[in-house]
Amino acid sequence: MTEAKRDILGFLLFAAAVLIAPFFFADSYILNVLVFVGINTLLAVALNLLLGFAGQISLGHAAFFGLGAYISGVMTAAHSFDPWLAMLIAAVSTGVAAFIIGFPILKLKGHYLAMATLGFGIIVYIVFNETVDLTGGPSGLPGIPNLSLGEFSFDNDIKNFYLIWAFTLLAMRISLNLYRSRIGRALRAIHDSEVAARVAGVNVKNLKVQIFTMSAVISALAGSLYAHTMTFISPASFGFNFSVELVTMVIIGGLGSVYGSFMGAAILTLLPEFLRIFHDYDIIVYGLLLILIIMFMPGGLAGGFRTALERLSRSRKQGAD
Amino acid sequence: MLEIRGMTKKFGGLIALDDVSMSVGKGSITGIIGPNGAGKTTLFNIVTGLYTRSSGEVYLEGTDVSGYAPENLARLGLVRTFQNVELFGRMTVLENVMVGLHTRSRSGIFSCSLKWPTHIMEEKRIRDEAMQRLEFTGMTGIADIPAGSLPFGMGRRLEIARALAPGPKIMLMDEPAAGLNSRETLDLADLIRKIRDAGTTVVLVEHDMELVMDVCETIVVLNLGRKLAEGAPREIQENPAVIAAYLGEE
Amino acid sequence: MEAFGEIFQYILSGFSTGAIYALIGFGFAVIYNSTGIINFAQGEFVMLGGLATIFFINMNFPLPVSVIFAIATATLTGVVFERLAIRPLKNATPLNLVLITIGASILIRGGAMLMWGKDTHVLPSFSGSDPIYIADATILPQHLWIFSITVLIIAASRMFFNRSITGKAMRACAYNREAAGLVGIDVKKMVLFSFIISSAIGSLAGIIIAPLTMSSYDVGVMLGLKGFCAAIIGGMSNGAGTVIGGLLLGILESLGAGFISASYKDAIAFIILLLILFFRPEGIFRKDETERV
Ligand SMILES: Nc1ncnc2c1ncn2[C@@H]1O[C@H](COP(=O)(O)OP(=O)(O)OP(=O)(O)O)[C@@H](O)[C@H]1O
Ligand SMILES: [Mg+2]
């Protein structure tokens, strides 16, 4: 089987598994959790484009998620815009914002880039909290309408599940396409050696800004979907902790791996559900996971799987000899 | 082909290059030698646009390209290899060479994301061309191995293949023989001549005198940032100033 | 003269928070200069300092003893962190270092939450809270503690870095790690020292500011980031740059809160941070350098 065929087949299997999942989990509570797995996967896939492909860290991605949510929320709840139009405006304006700050921010590297994105995230978070007239401040913004198509309204978990996963699967497919393409290779080249990429003719500055913008737009879409699904948003969902959580998802899954991003998102979404007893302390588990993965499993789960598979096939070959 | 005029580079108080001028003829193999810290790598870094210059100019085929960004110089057909091999370690050997073809392809982020038909066709073309380069440099058979797991000598060779991929006009090589064994060095000499015969002008920074004297037609000697001598290998070997500079280093 | 008095008051209080930022920033710089790491857990040492002091005081230890115990607690945490997470790290890319120090900060914060809960705690002022009048403005005795301890620490560390063998060795590491190793300096030990110094100074900053603010498990994040901002303004120097950076930040923040908007007080520091990173990432004092390729 060629690489390309394996890629398509793998994706079809994954998509099929997602589409039939609701039939196995009729329980509405689990379905609700799976909706969140969808949103978080969408976010992790978006961040993976920047962090996993191009190797550029962002500790402020919750801000783009929040911008999407708040622009959609405010336009629909307070100004009765059509939700789809609001979603489009949210995605475009977040993209424009990311494009503009992308140039100065992505000139920075490593620790400085981390600090700058973090600073940006916190500024946005403060604005969500302090512009009370617009956003409702810390107590949140209620009354956001569901998305609808004509008479058909996405007003329960099963409908939202399919709505959100349609976006998530699309984003995953796009990422997979990108990975094995001219631009994907250029991005991964930047990750491994920026000077060599430049000398090979890659316009590193522009490409970084492009992928940053794309990542922000997808995050904003996730934000809009979140707002219209929850019908209520508050700043607490878009703070520094959530940015760190997103980075943790990508790291756990394995830098660059699209399915890894899904695994990371799934684990970090499900974990707190299993760790109910820990309640507030789940953040400690993230911290521990982050440290352990970086120290002992630098390729994340995806990398771990790959080595395991390789070992397996090698031992099988040896057995055959 | 390449002309450097009055190149000067200061790092704070240190003058790494002091008014260096030289010119490289089309289709030639030119060597640059000099003791450690002479400024050879710095010269390459400036010519390829990685460092800014303090003063001086660079001309590529008669056009002033001083201060151009590396990616624009690549488009004009100027490529290089690095003293400390710079590979894309997590990508396969083939993918490394395909990045080398970046300037010979144009699919953007949208057509790549959506797998546009033009992108699919271009992808096939790039892949074939990259395979040809691997053949040219004698590396078929390892196309799908991660570049990071190659032995050192192979890594150097891959870097050359990647630089050669776009069919450059001129290629700067920074110590390509460093770390190679004598067998590999001999192969390298053949490869360098083959590259030149295929139409790429070569500039070579190298400490391996045997290699330099063997393949280069002209040699430029740098010492402490200054040009000390320039001439055919024979002349350089007999130049008292050069001998003094190398002996002084011991 | 009314407005002048007001400005003077803002500057005075900005001075004292600025001194704290300077101390925290100093902690960042010490680690950065010997390891190239920006320690995202720096703020947690500050938090530990305050909370641990309160903890020991509640156990009826006298203040000075509590302070010493608290500094020891934070320093021990720093040492454990360096030993368990930094030293064994094989693939020490900037990305991994950022993430591992973030992981550590989450753990330390979580540990503090387990230990002391989510409530805010109060540390009494070291010597009462009767305001002292200076011209039109007032100042608290705690402010004087802050100024004098900051001056003391800065002076002591200047002596340390300029005079003592260890301090000079650490400076050599900052300048060129490989070369330092070649001339026989035990680089690993210097890294450990830098964690000790910076966690000790960080916790001390947390202790002296605690009576003026509230202490809770999550105060470290903001204080840490502002300390970083101070260090960045000062160009990550082990010396005067960071002090000026801290004071500048403290004063700007205090004036901004007073004259523009109190609710955007925290945003001011981050806007300054972004502006510096965008336009003068090497700090406002240093000349730029060519990055090696
Ligand atoms: N980015 C930089 N910042 C400061 N000094 C530099 C920088 N790059 C090079 N130098 C200095 O410039 C001088 C010339 O260095 P260069 O690397 O060009 O030497 P070289 O001739 O390539 O030596 P070698 O044969 O060892 O590779 C050296 O003293 C070096 O330390
Ligand atoms: Mg060199």
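These numbers come from a predicted model, not from an experiment.

What counts, and where the lines are drawn
- Residues numbered from 1 in each chain as written.
- Chains lettered and ligands numbered in written order.
- Predicted model: local features only at pLDDT ≥ 70, side-chain atom pairs only at ≥ 80, totals over all residues.
- Heavy atoms only, no water.
- Pairing = 2+ DSSP bridges.
- Helix = DSSP H or I, 4+ residues; strand = E, 2+ residues; numbered from the N terminus.
- Axes fitted to C-alpha atoms, helices over the stretch in contact; angles between N-to-C directions.
- Contact = heavy atoms within 4.5 Å.
- Phe/Tyr/Trp six-rings, centres within 6.5 Å; stacked < 30°, edge-to-face > 60°.
- Buried < 20%, exposed > 50% of the residue type's maximum accessible area, 1.4 Å probe, protein only.
- Lys NZ or Arg CZ within 6 Å of the ring centre and 35° of its normal.
- Expected span 1.5 Å × (residues − 1).
- Arc of directions from axis to C-beta.
- Near = heavy atom within 4 Å.
- Polar contact = N/O pair within 3.5 Å; in protein donor to acceptor, adjacent residues only side chain to side chain.
- Areas by Shrake-Rupley, 256 points an atom, 1.4 Å probe, with all protein chains shown as cover.
- Buried area = accessible area lost by both parts, 1.4 Å probe.
- Salt bridge = Lys/Arg side-chain N within 4 Å of Asp/Glu carboxyl O.
- Nonpolar A, V, L, I, M, F, W, Y, C, P; charged D, E, K, R; others polar.
- Donors = N, O, S within 2.8 Å, 3.2 Å for Na, K, Ca; no water.

**Looking at the sheet that holds strand E7 (residues 170–174) of chain B**
Residue and element names in this part refer to chain B. Spatially, 6 strands are ordered E6-E7-E8-E3-E9-E10 in an open sheet, and the strand pairing comes out mixed. Where the open sheet ends on each side, the last strands, each with one partner, are strand E6 (78–80) and strand E10 (226–231). Averaged over neighbouring strand pairs, the angle between their axes works out to 20° when direction is ignored. Running at roughly 160° to E7, helix H6 (residues 152–164) makes contact with E6 and E7 of the sheet.

**Regarding the packing of aromatic side chains**
Within this structure, the stated rule accounts for 33 aromatic pairs over all chains. On the basis of an interplanar angle of 85° and a centroid distance of 5.7 Å, the ring pair of Phe11 of chain B and Tyr51 of chain B is categorised as edge-to-face. One end of the pair, Phe11 of chain B, is in strand E1 (residues 2–11); the other, Tyr51 of chain B, is in the loop between helix H1 (40–47) and strand E4 (55–60), and 40 residues separate them in sequence. Of the residues examined, Phe11 of chain B reaches a relative accessible area of 26% and is grouped as partly exposed. Looking at Tyr51 of chain B, the relative accessible area reads 8%, which means it is buried. Members of the aromatic cluster, joined through ring pairs, are Phe36, Phe65, Tyr70, Phe128, Tyr226, Phe238 and Phe242 of chain A. For Arg173 of chain A, the ring lying beneath its charged end belongs to Phe11 of chain A, and the centroid distance is 5.1 Å. Directly above the ring of Tyr179 of chain A sits Arg188 of chain A, whose terminal nitrogen or CZ lies 3.9 Å from the centroid.

**With respect to helix H5 (residues 117–136) of chain B**
Residue and element names in this part refer to chain B. Its 20 residues give H5 an end-to-end C-alpha distance of 29 Å, which sits within 8% of 28 Å, the value for a rise of 1.5 Å per residue. Along H5, the positions that sit buried rather than exposed are His119, Glu122, Glu123, Ile126, Ala130 and Leu134. All buried residues of H5 lie within an arc of 115° about the axis, which places them on one face of the element. More than 90 degrees from the buried face of H5, the exposed residues found are Pro117, Met121, Lys124, Gln132 and Glu135. Positive phi shows up at Gly138, right after H5, with a value of about 70°.

**Focus on the site of ligand 1**
If you check the shell around ligand 1, you find 16 residues, and the closest are Asn36, Lys40, Thr41, Thr42 and His207 of chain B. Chain contributions to the surroundings of ligand 1 come from chains B and C. Contact distances for ligand 1 include 2.7 Å between an oxygen atom and a side-chain N or O atom of Lys40 of chain B. Contacts to ligand 1 include Tyr51 of chain B, whose side-chain N or O atom sits 3.2 Å from a nitrogen atom. When ligand 1 is considered free in solution it has 640 Å² of accessible area, and contact with the protein chains removes 78% of it. Those elements giving two or more residues to the shell around ligand 1 turn out to be strand E2 (14–24) and H1 of chain B.

**A closer look at the interface of chain C and chain A**
Counting residues at the interface gives 47 residues for chain C, matched by 40 residues for chain A. In total, about 3,700 Å² of surface goes out of reach between chain C and chain A, with carbon and sulfur atoms giving 83% of it. For the interface between chain C and chain A, the tally reads 0 salt bridges. Where chain C touches chain A, the interface holds 0 residue pairs in polar contact (both at pLDDT 80 or more). Sorting the residues of the side of chain C that touches chain A by element identifies helix H1 (2–35), helix H3 (63–86), helix H4 (94–116), helix H9 (219–233) and helix H11 (265–279) of chain C as the ones contributing at least two each. In terms of residues, the side of chain C that touches chain A owes the most to one element, H4 of chain C, which gives 17 residues. Partitioning the side of chain C that touches chain A into residue classes produces 37 nonpolar, 6 polar and 4 charged.

**Considering the interface of chain A and chain B**
It is common to report an interface's size as the accessible area lost on association of the parts. Counting residues at the interface gives 28 residues for chain A, matched by 34 residues for chain B. For the chain A and chain B pair, buried surface summed over both sides reaches about 2,800 Å², with 58% attributable to carbon and sulfur atoms. The largest contributions to the chain A side of the interface with chain B come from Arg182, Arg185 and Val199 of chain A, which together make up 29% of the buried area. A salt bridge links Arg185 of chain A to Glu123 of chain B; the shortest N-O distance between them is 2.7 Å. Inspection of the chain A/chain B interface yields 11 residue pairs in polar contact (both at pLDDT 80 or more). When residues of the side of chain A that touches chain B are traced back to their parent elements, those giving at least two are helix H7 (157–179), helix H8 (182–192), helix H9 (194–199) and helix H10 (204–230) of chain A.

**Regarding the coordination of the magnesium ion (ligand 2)**
All names here are of chain B. All of the protein donors around the magnesium ion (ligand 2) are Thr41 (OG1) and Gln83 (OE1); their distances to the metal are 1.8 to 2.2 Å. On the criterion of sequence distance, the pair formed by Thr41 in helix H1 and Gln83 in the loop between E6 and helix H3 (93–100) is long-range, its members being 42 residues apart. The class of Thr41 is partly exposed, set by a relative accessible area of 25%.

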